[in-house]
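Breakdown of the fold
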Amino acid sequence: MDDRPDQEEIYSQRIKAGKRTYFFDVKATRGQDYYLTITESKRRQNSDDSVSYEKHKIFLYKEDFLKFVDALQDAVDYVREELLTPEEVAELDRPREYDERDRRDVPAAEQRPAFDANRSDDSY
């Protein structure tokens, strides 16, 4: 999912969820400034039986990674603890199998360290 031709894609993961697909793409600018794009793509059946896709995209810059992860975890924790039944929580905790084809990594020589939400510096 290219946004502009001057951006290098470092990592990509696709998550299929019914009519929706989520894409998590790590990219780099020419100056090696890293950011994440999160894209939701929703399949639509048109009245003429053709198919189109509605897309929504978020750009998340490295200086905001920790704040974003913290807020997302807080929201997920709230839903789990305050809104879901024990059965729904158990379903969320069920181990999932992911298709390796959904994850595209770059060669090992070009890989960056994995993002660590507990890391306090901005060396990413």
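What you are looking at is a predicted structure, and each value in this text was computed from that prediction instead of being measured. (Residues numbered from 1 in each chain as written. Predicted model: local features only at pLDDT ≥ 70, side-chain atom pairs only at ≥ 80, totals over all residues. Heavy atoms only, no water.)

Turning to the environment of Val-79, a few remarks are in order. Relative to the helices and strands, Val-79 is located in helix α1 (residues 65-83). For Val-79, a relative accessible area of 33% gives the class partly exposed. Separated by ten residues in sequence, Val-79 and Val-89 place their C-alpha atoms 9.4 Å apart. (Helix = DSSP H or I, 4+ residues; strand = E, 2+ residues; numbered from the N terminus. Buried < 20%, exposed > 50% of the residue type's maximum accessible area, 1.4 Å probe, protein only.)

Another aspect to go through is the packing of aromatic side chains. Scanning all chains against the criterion turns up two aromatic pairs. Centre to centre, the rings of Tyr-35 and Tyr-61 are 5.8 Å apart; their planes meet at 35 degrees, and the pair counts as tilted. You can see Tyr-35 sitting in strand β3 (residues 34-45) and its partner Tyr-61 sitting in strand β4 (residues 51-61), a full 26 residues away along the chain. Exposure remark for Tyr-61: the relative accessible area of 38% places this residue in the partly exposed category. An aromatic cluster is present here, built from Tyr-35, Phe-59 and Tyr-61 joined pairwise through their rings. (Phe/Tyr/Trp six-rings, centres within 6.5 Å; stacked < 30°, edge-to-face > 60°.)

We now examine the environment of Val-26. Along the chain, Val-26 falls in strand β2 (residues 20-28). Here the alpha-carbon distance between Val-26 and Leu-36, two residues ten residues apart in the chain, equals 4.5 Å. Ignoring anything within four residues of it in the chain, the contact list for Val-26 reads Glu-8, Glu-9, Ile-10, Tyr-11, Tyr-35 and Leu-36. (Contact = heavy atoms within 4.5 Å.)

Moving on, we get to the pairing of β2. Along any regular strand the residues' side chains alternate between the sheet's two faces. Relative to β2, strand β1 (residues 8-17) runs antiparallel, the two being bridged by nine bridges. By the bridge assignment for β2, Ile-15 is matched with Tyr-22. What sits between the antiparallel neighbours β1 and β2 is a turn of two residues, in which Gly-18 has the positive phi angle 65 degrees. The antiparallel hairpin formed by β2 and β3 contains five residues in its connecting segment, where Gln-32 sits at a positive phi of about 60 degrees. (Pairing = 2+ DSSP bridges.)

So, about the confidence of the model for the chain. In the predicted model, the chain carries a mean pLDDT of 81, and 73% of its residues have values of at least 70. Mean pLDDT across the elements of the chain bottoms out in strand β5 (residues 103-105) (61) and peaks in α1 (96). Contacts from residues 106-113, a stretch scored under 50 in pLDDT, to residues over four places away or in other chains number ten contacts. (pLDDT = per-residue confidence, 0-100.)

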